[in-house]
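Here is how the chains run, residue by residue.
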Amino acid sequence: MGCHCTTPASAEAIQQAAEHLAAGRLVAVPTETVYGLGADATNPQAVANIFRAKGRPSTNPLILHVASPEAASPWVRLTDSAGQPIPWLQQQWECTATFWPGPLTVVVPKSNAVADGVTAGADTVAIRVPNHPVMLSLLQTCPFPIAAPSANRSNYISPTRAEHVLAALADQVAMILDGGDCRCGLESTIIRLAAEGVELLRPGAIPIESLETVFGPVRVPMATDSTEGNVTAVMAAPGMMRKHYSPAKPMYPVGVSESLPVAIHRVGRIAFAPLADDQASRYAWIATLSEKGDLEEVARNLYGALRLADAADCDAILIDVCERTGIGRAIMDRIDRACAR
Ligand code: TXA
Ligand code: MG
C-alpha cells in the first residue's frame, strides 16, 4: 500500500476511495475537524491496520463515522438487558442527533454488531456524523461505517490539510482524499452519555456552552494537579495523554517566558493576533493565527502553526494563551498538552 500524492475529491475519486475501503485498504479522509485515517469498520483486518499505520496502542479505541443519526442506530444499544428502552439514554441520544452532522462524538453502549477491534474491547462505542460534504458523500456510498482516528502518527499533531497526511502516512494509505483545509481545525468534542448527566471526555470543536443549551449541565471531571496544585480537568478518553499533539520543539505558554532555559537564544512565537513591532523584534520566527484575534480562526490555524514551528529556524516556541471558555477551552487543552514535558 502507499500513494505519492493527494487526490482532489471529485465524485470519481470518492467512488474510488469507497472501493479501496471495501477492499480493506486504508484511505485518508477529510472531515470538518481534522483528517481521519479511515477503514471499513466491519473488517477486523483493516481496523487492525489502522493501529499499525499510526503506531497506536491497540488499547485506544476508534471513532465510528456514519452518514446520519439513523445510520448510527445498528451500532448502539439504547435498551437494557431485557430489551426495554432506557428513557434517559434515549433522551440524551435524541439530543445528540441535534448536533449531527457536526463535530460531536458520543460514547454510548455498543451493540453486538461493533467489531471488538474498534472499541478496544470496551462495551461502549464512540460514534459521530461528521459535517463535511466529501466525507458524508463517501459514507453514503459505503455500505459500512468508517472507523477513523486522526490521520497522524500516534501522539503527533493532528492533520488539518491533506499535505499533512502525505508528509507522515503516504506509505500507509491507498489514497489521500483532499477535501481542502479543515474548517474547525481541532478534533470533535467527546461526551459520554450517563444517567447522572452527560460527561465531557475531550473538549473540542463544539463548546460545552452549546451542548448545555440542549443537554443541560455537562459534567467536567476535575482533579488537583499534584505538582502545581492547580485544579485541572481529567479526561476519561483513553487516548488523552498529558503530553499529546506536541511539536518536537520545546514550547512554553506566554507568561512563563522567565522560565525559558537561558541557553535558548532563537525563540519563535505563535501569536493569536498581530504583535506590536517592539514585541515582534524579539523573535526569530513568528506565526500569527488570526488578524483580529478571533478564537475560531486561532483554532483553525493552530495545528498548522505547530507544524511550521517544528520546521522553523528557532530553538523553542512561546505561544499565546486565552480564557478557558467557549472554544478557548479546547484551544488551551491542546496547548497544555503541546507544552507538557
Ligand atoms: O474530530 C475527530 O474526532 C477526529 C475525526 C477524524 O473524526 N477523530 C479523532 O480520533 O480525533 P482519535 O482517535 O484521534 O481520537 C478519538 C478519541 C481517543 O482519545 C479515544 O481514546 C477516544 O476518542 N475514544 C474512542 N472510543 C472511546 C470509547 N468507547 N470510550 C471512551 N473514549 C473513546
Ligand atoms: Mg488523535
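Residues numbered from 1 in each chain as written. Chains lettered and ligands numbered in written order. Predicted model: local features only at pLDDT ≥ 70, side-chain atom pairs only at ≥ 80, totals over all residues. Heavy atoms only, no water.

Asks: Got a minute to help me understand the overall build of the chain in this structure?
Replies: When you go through the chain residue by residue, the secondary structure sums to 11 helices and 16 strands. For a compact globule of 341 residues, the expected C-alpha radius of gyration is about 20 Å, and the chain comes in at 20 Å, within 12% of that figure. C-alpha extents for the chain along the principal axes are approximately 65 × 50 × 35 Å. Counting all 341 residues of the chain, 52% fall into the buried class. Within the chain, counting contacts between residues at least 6 apart in sequence, those at least 24 apart form 67% of the total. A total of about 14,700 Å² of accessible surface is found on the chain, and carbon and sulfur atoms cover 52% of it. Here the chain contributes 27 positive and 34 negative side-chain charges, whose respective centroids are spaced 5 Å apart. (Helix = DSSP H or I, 4+ residues; strand = E, 2+ residues; numbered from the N terminus. Rg over C-alpha atoms; globule rule 2.2 N^0.38 Å. Buried < 20%, exposed > 50% of the residue type's maximum accessible area, 1.4 Å probe, protein only. Contact = heavy atoms within 4.5 Å. Areas by Shrake-Rupley, 256 points an atom, 1.4 Å probe, with all protein chains shown as cover. Lys, Arg positive; Asp, Glu negative; His and termini not counted. Charge placed at Lys NZ, Arg CZ, Asp CG, Glu CD.)

Asks: Looking at this structure, how should I read the environment of Val29?
Replies: Within the secondary structure, Val29 sits in strand 2 (residues 27–29). The class of Val29 is buried, set by a relative accessible area of 0%. Counting along the chain gives 138 residues from Val29 to Ala167, while the straight-line C-alpha distance between them is 15 Å. Beyond its immediate stretch of four places on either side in the chain, Val29 contacts Tyr35, Gly36, Met135 and Leu138.

Asks: Teacher, can you tell me more about the nonpolar core here?
Replies: Grouped burial of nonpolar side chains is what soluble globular proteins tend to show. Counting residues in hydrophobic clusters, the biggest one holds 51 residues, and the most contacted among them are Trp93, Leu104, Val106, Ile127, Ile191, Leu193 and Phe215. Mapped by element, the contributors of at least two residues to this core are strand 3 (36–40), helix 2 (44–54), helix 4 (87–97), strand 5 (104–109), strand 6 (124–128), helix 7 (162–169) and helix 8 (208–215). In terms of residues, this core owes the most to one element, helix 2, which gives five residues. Apart from the residues lying within four places of it in its own chain, the contact partners of Trp93 are Pro69, Ala72, Val76, Leu78, Trp100, Val106, Val108, Ile127 and Leu193. Residues Tyr303, Ala312, Ile317 and Ile319 belong to the second largest nonpolar core, which totals 29 residues. (Core = buried A, V, L, I, M, F, W, Y, C linked by side-chain atoms within 4.5 Å.)

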